[in-house]
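What follows is each chain in one-letter form.
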Amino acid sequence: MISYKFARRSFLRGMGAGSAALMVPLLRSIEARAAGAAAPLRLLIIHHPLGTASGLANWRPNASATTTSFTLPVESAPFAPLQKYMSMVDGVNCVTATNGKDTTGNHGGQNTHEGGMVALMTGVPTLGSVGQQDHCAGGASIDQLLLQKSSVLGGSNFASPTPFQSLQLAADVRSDRDEKAPRVLSYLAPKSGVSDPDQARQPLFPDTSPLNVYNRIFGGTLPTGTTGAQILAQKESVITYLKADLARLQTLVPASEKDRLSAHAQAISQLESSLQAMYGTTTTNPVCTKPTAPPSYSNTNGSMQGSGSVYTSLAGVDYYIPNQPTSHPHADLGQNQLRLIKTAFLCDLCRVATFMWSAGTNWVVFPGTFQGSSIAGNPQSTPHHPPSHAGDSATNAWLNQVDQFYSVATSTVLQEFATTPDIDGNMLIDNTVIVYFTEVARASDHDQRNIPLLIFGGKNTKVKGGTYLKVTGGSLAPQSGGTGNRPFNDVWLALAPVFGVTMSSLGAQSQYTGALPGIFS
Amino acid sequence: MRATFRLGVLAAAALSVAAGCQGHITDPTGSGNPGTAGSSSGSAGTSGGTAGSSSGSAGTSGGTAGSSSGSAGTSGGTGGTSSGTGGTSATGTGGSTATACTPITPLPRRLWRLSVEQWGAAVQTLLGLTTAPVLSSRGGEQAFAFFSDASLGVDNPMQFDMYTQAETVLTTIDSTVTTTIAPCTGTTATAQTTCANTWVSAFAPKAYRRTLDASEVTNLMKVYAQGAMQDYKTGIKLMIEAIIISPSFIYRTELGAPSTADASGKYPDTTLTPYEVASQLAFTLLGTLPDAALTAAAANGSLGTASGIQTQITRLLALPAVQANLTNIVLGWFNISQLFSKTKDTALISALSASEQDLTGIESDLFTSTQQYVNGVLWSGSGKIDDLMTSQTIYVNQRLATLYPGLTYAAGKAPTSDSTFVAATWPASQGRSGILTQPSYLWSASDPAANSIVKRGKGIHDNVMCQDSLGSPVDLSTPMAMAVIACTNPSVAGAAPDSTCDSEILKSDARMAYQPCKTCHSQMDPYSRVLQNFGPIGNYRTLDEAGRPIDPSVTFVPSSPLAGTSLKGVQAFTAALVSSGVIDGCSVQQMANYAMGAELQKYNTCEINTVRALTDGTVKSLFSNVLLASFMRARTGGTK
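Residues numbered from 1 in each chain as written. Chains lettered and ligands numbered in written order. Predicted model: local features only at pLDDT ≥ 70, side-chain atom pairs only at ≥ 80, totals over all residues. Heavy atoms only, no water.

Check the secondary structure of chain A and you find eleven helices and 17 strands. Put simply, 71% of the contacts in chain A that link residues at least 6 apart link residues at least 24 apart. For chain A, the computed accessible surface area is about 16,300 Å², with 52% contributed by carbon and sulfur atoms. (Helix = DSSP H or I, 4+ residues; strand = E, 2+ residues; numbered from the N terminus. Contact = heavy atoms within 4.5 Å. Areas by Shrake-Rupley, 256 points an atom, 1.4 Å probe, with all protein chains shown as cover.)

So this is what it looks like as structure tokens:
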């Protein structure tokens, strides 16, 4: 077995001159950071599905104003150990808009799971919609936008880009229907010169297999006796060929195809990074340790029972495996993905990541009786989404437990962010802004006022931890009526300066007012 | 499952039946189908295809498209400047008044990424593998998609997955690289380099479905040189890897001949090159790379002519491999593969012994059963799409014979094992009819323990009737919608429910009666109510899930192609589909969707109407006429 920490000198000696030349800047960058430079800032955006049930009382503390003294209720309580790093934002609304033909007639999918996913992540009007509520992103998602604009996030527009730029991972993407909108968080900017909304949008589909991710970014496991440097030189020749082939195609296609090929070029570059991770050296960074290979999860679609519409054609992994009550593959898979992101951050393989626990219309199956609560009627196992509209107290209690489950599963890994040393001696969370959000505020009716939102970060992130932030002064209506709320985009406008990006506006006029104060110092 | 890219349709306002549909883009093959008159109740198209009006910078063969008028099927066709769509008129959907067709928006010059399955098949064909490599990262492509979504690209996971699969392929072929794939008797580096150059100069064009520039071969030889530092075999393998994960392999090009943009930055409209036509025919009909005859026809230019294309289509349609692929396309049309993602309540399969209650195994059996059913109709029977809808045959093994009892077999032909499927006939008393009552179809379009009137109805509305898109679903959380869901009149405050609301039929009654559900559900629910005698695994039943007798009587709403028709049961329904021409008309639309990689949103489009009028109802005629249509090859130039 070849050592993961492949000696720099022998690595470079073993490579062809051209390949070595490609690698030197990367090595210098890694080594410079390892030599005591400040740790980079990172951004992690995590989505959890289906808002709260039956309303905000189970999510936010019983407080009427901003405070640093509060107790979290059932759904958010698992984040209590992280409270000092956490700002709970209460009072931002999802505001959708569209510039295109919208089959829903409600301007970008207001008060829908699908519209919420797109509007919250991109902040701009959609291109329109296709089919049934499949809203087409009209801009890059905030993670990709910041990656392009920030000089500190390792994007390719700046010196010393990270090898993988960004990761898009998920635990599950099954949905009511096979639309794209509820199954994607990250987007590139739409293709130029393409009028069809579906053709124009550029979703970055998340990878749902931890093992695939491990192989791709950490290089998998090489067979014994493999001569990495020689193979790397060979594979670099393949990469060079792929780039030349793509460049040739770029000269032949009309403008409408150029953005698609640009995205493909990025994929080839990332393959190059994967090959370097696989066959070359990766880092001398003392806080970077190659993780062990995660398991390959078997699909458990067969556990789906009971009534309800099953539209999805995608495979996935449910909360449990029948007859194995102590096995919880959905949680395990998701936490493995989050831990891969954690290690990728530590190894500076990327500084930007998005993670979805599920599609916005979650089709992960949970037991009908879950953590002591049972859905009303015949409590058979069911996908998460269908019962979310039931509205009765018993089912709401069951939904509270599912929401709490996602909080526990997320908090468990985020606590590891808080206890894992970063390269600068601080903890990883001190250099990472983590956004935890959901696409609707109230599960039963898709209300998108007071979107549940948590923002975590330690001392270098400027996050005002330990805060329940009650938004005031805005012109939008809270769930409770009146005014005071602000558009969700105001959060992104407040976040951008953390990464050195100045943004005074985002989206249509209805979608922003200005940077929301109180989250960051 | 169907891909979501939809092909837009131009506004129809300025068009009329009398004027025919204006040609848009020149097709120098001049192979547009001849314009034909409408085939149903509307008055026949009264004009031939008028000459195309495009700029004509391509398509120089010109011609006299649309030279005749009036009589059905005689106009248009010979000219190079028309899309050959003149002379169409009525929709052919059962007596509705003829309305002006609208032309489809021409496809742009584009790339079309191979589907995951096509990539695997192409690698298999190229290297003569026993099995095709299977990508797990689909680049956004839906599992069980009916057709390959032309809008998709290659994302990071998919590119890595292609590499990973290529590595596995290289391991598989390792022992045959120097003996079979690229043998070389030379022992010196120079001799082996010559071998490699000769080999890749033949191999790469096959992979890329076109000729290569000298620089491309040079670039590939640089890859070889790096590998050859180890040995000849490594050099060859490295080139194979580079080729099968390269953009030129994963994308079909539909760009036409190289051209120059004008001063405004616009490229001229164009048509596919003969090599691109070869790929179009190959990936549509074979599901993989062009075979040798197609490649030869591209090389000698015959695929630049209508007769050359017709010759190849005719040849291909006789190939067993093509027939197998077309069977799978038809299965995809009816979403049969989706049964693999639809689990069932095990109570529904309790008639089987414990050892036979294997859902995955049953799903596989059902898929095989319907595959044989479609094969039987299309390739051993009449070959007519109509017969797919009406046949009384099912193919069963022993397990399926137990699960679906009462079948009649030829003497001594009852199945005796699970490994062999035999033909049987449904009991007449069940009133089954064709593919809509094949258990696989019903299984895939049902919920785990119950029928889904909505799912079945929408599937038939979209895919069997080919009606234009329904409006988007309403917000189910509104009080009005919630009332209808509870089977209550939403317009009457405090109204009691209309019924016990405990069955699919009672819920459907409410949806069809009250807004905001009525508009859509009154259109689609009747299509599945005729199937209520068949349960969630396709089991025959006379009582519904609430124990009430089933009445499969329906009347179709005015927007339906079967407007005003009242009938009872699925046999009467499929008879109406056949007699009205609806199923034949829809089959053209569906196969055009497949061949274009794009979903037409309108039924009444001029170009598709023309194809409808030309087909004779057989699957061979269907594919032949779709692929001969000039819109399949015409492309707008786009901008620089």
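Having seen the structure, we can now continue with the description.
Attention shifts here to the overall build of chain B. Scanning chain B from N- to C-terminus turns up 23 helices and ten strands. Counting the 640 residues in chain B, one finds 60% classified as buried. Taking as baseline every contact in chain B between residues at least 6 positions apart, the subset at least 24 positions apart corresponds to 71%. Accessible area of chain B: about 21,700 Å², with a carbon and sulfur share of 57%. (Buried < 20%, exposed > 50% of the residue type's maximum accessible area, 1.4 Å probe, protein only.)

Residues and elements named next belong to chain B. Phe 334, Leu 436 and Phe 573 are the most contacted members of the largest nonpolar core, which has 98 residues in total. In terms of residues, this core owes the most to one element, helix H21 (residues 582-596), which gives nine residues. What Leu 436 contacts, discounting residues up to four positions off in sequence, is Phe 334, Met 389, Tyr 441, Leu 442, Ile 460, Val 464, Leu 531, Phe 573 and Thr 574. Core analysis: the second largest hydrophobic core is formed by 65 residues, Leu 114, Trp 199, Ala 204 and Leu 255 among them. (Core = buried A, V, L, I, M, F, W, Y, C linked by side-chain atoms within 4.5 Å.)

It is worth spelling out the pairing of strand S16 (residues 467-470) of chain A at this point. Residues and elements named next belong to chain A. Alternating positions in S16 separate into two faces, Thr 467 and Leu 469 on one and Tyr 468 and Lys 470 on the other, with burial throughout. Judged from the four bridges that link them, strand S2 (residues 86-90) and S16 form a sheet pairing that is parallel. Residue pairing across strands places Met 88 opposite Tyr 468, the latter belonging to S16. (Pairing = 2+ DSSP bridges.)

Okay, the packing of helix H8 (residues 255-279) of chain A against helix H2 (residues 156-173) of chain B next. Two packed helices can be described by the angle between their axes and the distance between those axes. Relative to each other, H8 of chain A and H2 of chain B sit at 55°, their axes nearing to 8 Å. Overall, the two elements H8 of chain A and H2 of chain B adopt an arrangement that is oblique. Between H8 of chain A and H2 of chain B lies a crossing of right-handed hand. From H8 of chain A, His 264, Gln 266, Ala 267, Ile 268, Gln 270, Leu 271, Ser 274, Leu 275, Met 278 and Tyr 279 of chain A reach across to H2 of chain B, where they touch Asn 156, Gln 159, Phe 160, Tyr 163 and Glu 167 of chain B. (Axes fitted to C-alpha atoms, helices over the stretch in contact; angles between N-to-C directions. Parallel < 35°, antiparallel > 145°, perpendicular 65-115°, else oblique. Left-handed = near helix turned anticlockwise from the far one by under 90°.)

All names here are of chain A. In space, the seven strands of this open sheet follow the order S6-S9-S1-S14-S15-S2-S16, with mixed pairing throughout. Edge positions in the sheet fall to strand S6 (166-170) and S16, since each has one partner strand and no second. Put simply, the sheet's adjacent strands are angled 15° from each other on average, direction ignored. In terms of strand pairing, S2 meets strand S15 (residues 453-456) through four bridges, oriented antiparallel. Following the sheet pairing, Met 86 is matched in S15 by Phe 456.

Further remarks concern the confidence of the model for chain B. Residues and elements named next belong to chain B. Scored by pLDDT, chain B has a mean of 84; 84% of the residues are at 70 or more. Here residues 1-28 is modelled with pLDDT under 50, and outside its nearest four sequence neighbours on either side it reaches 119 contacts, counting other chains as well. Within the model, pLDDT remains below 50 along residues 30-97, and this stretch shows 198 contacts once partners closer than five positions in the same chain are excluded. (pLDDT = per-residue confidence, 0-100.)

Under the definition given, this model contains 30 aromatic pairs over all chains. Measuring from centroid to centroid gives 6.4 Å for Phe 437 of chain A and Phe 488 of chain A, while their planes differ by 50°, and the two rings are tilted. With a gap of 51 residues between them, Phe 437 of chain A in strand S14 (residues 432-437) and Phe 488 of chain A in the loop between strand S17 (486-487) and helix H11 (489-495) connect regions that are remote in the sequence. With respect to burial, Phe 437 of chain A and Phe 488 of chain A carry one shared label: buried. When the centroid spacing of 6.1 Å and the interplanar angle of 70° are considered together, the rings of Tyr 224 of chain B and Tyr 232 of chain B count as edge-to-face. What makes Tyr 232 of chain B buried here is its relative accessible area of 7%. (Phe/Tyr/Trp six-rings, centres within 6.5 Å; stacked < 30°, edge-to-face > 60°.)

Attention now goes to helix H23 (residues 619-628) of chain B. Among the ten residues of H23 of chain B, nine are classified as buried, and the element is accordingly described as predominantly covered. Those residues of H23 of chain B that sit buried are Val 619, Ser 621, Leu 622, Phe 623, Ser 624, Asn 625, Val 626, Leu 627 and Leu 628 of chain B.

Now for the state of the cysteines. Residues and elements named next belong to chain B. The final tally for this structure, using the stated rule, is five disulfides over all chains. Covalently, Cys 184 is tied to Cys 195 through a disulfide, its sulfur atoms 2.1 Å apart. Taking the sign of the torsion about the S-S bond as the criterion, the disulfide between Cys 184 and Cys 195, at about 75°, is right-handed. Highlighted residues: Cys 184 in the loop between helix H3 (177-181) and helix H4 (189-208) and Cys 195 in helix H4, separated in sequence by eleven residues. Between Cys 520, a free cysteine, and Cys 517, which holds the nearest cysteine sulfur, the sulfur-to-sulfur gap is 8.9 Å. With relative accessibility at 17%, the residue Cys 520 sits in the buried group. (Disulfide = S-S within 2.5 Å.)

All names here are of chain B. Turning to helix H9 (residues 292-299), its buried residues are Leu 294, Ala 297 and Ala 298. Around the axis of H9, the buried residues are gathered within 100° of arc, so they sit on the same side. Away from its buried face by more than 90 degrees, H9 exposes Ala 292 and Ala 299. Those residues of H9 hidden inside the fold are in contact with helix H8 (274-286) and helix H10 (306-317). (Arc of directions from axis to C-beta.)

Here we come to the interface of chain B and chain A. On the side of chain A, 68 residues touch chain B, which itself brings 72 residues to the contact. Both sides of the chain B and chain A interface together cover about 5,600 Å² of buried area, and 56% of this is carbon and sulfur. Where chain B touches chain A, the interface holds five salt bridges. For Glu 241 of chain B, the salt bridge goes to Lys 235 of chain A, with nearest N and O atoms at 2.7 Å. Applying the counting rule to chain B against chain A returns 17 residue pairs in polar contact (both at pLDDT 80 or more). Here the side of chain B that touches chain A is composed, by residue class, of 28 nonpolar, 27 polar and 17 charged. (Buried area = accessible area lost by both parts, 1.4 Å probe. Salt bridge = Lys/Arg side-chain N within 4 Å of Asp/Glu carboxyl O. Polar contact = N/O pair within 3.5 Å; in protein donor to acceptor, adjacent residues only side chain to side chain. Nonpolar A, V, L, I, M, F, W, Y, C, P; charged D, E, K, R; others polar.)

Close inspection of predicted coordinates is inappropriate for parts of the model with low pLDDT. Scored by pLDDT, chain A comes out at a mean of 87, with 86% of its residues at no less than 70. For residues 1-32 of chain A, every residue scores under 50 in pLDDT, and the model assigns this stretch 51 contacts once sequence neighbours within four places are set aside.

Okay, the packing of helix H18 (residues 504-513) of chain B against helix H19 (residues 518-529) of chain B next. Residue and element names in this part refer to chain B. Packing of H18 against H19 leaves a shortest axis separation of 7 Å and a crossing angle of 145°. Crossing of H18 over H19 shows left-handed handedness. Facing Ile 505, Ser 508, Asp 509, Arg 511, Met 512 and Ala 513 of H18, the residues of H19 in contact are Lys 518, His 521, Ser 522, Asp 525, Pro 526 and Arg 529. Residues that form the contact of H18 with H19 fall into these classes: four nonpolar, three polar and five charged.

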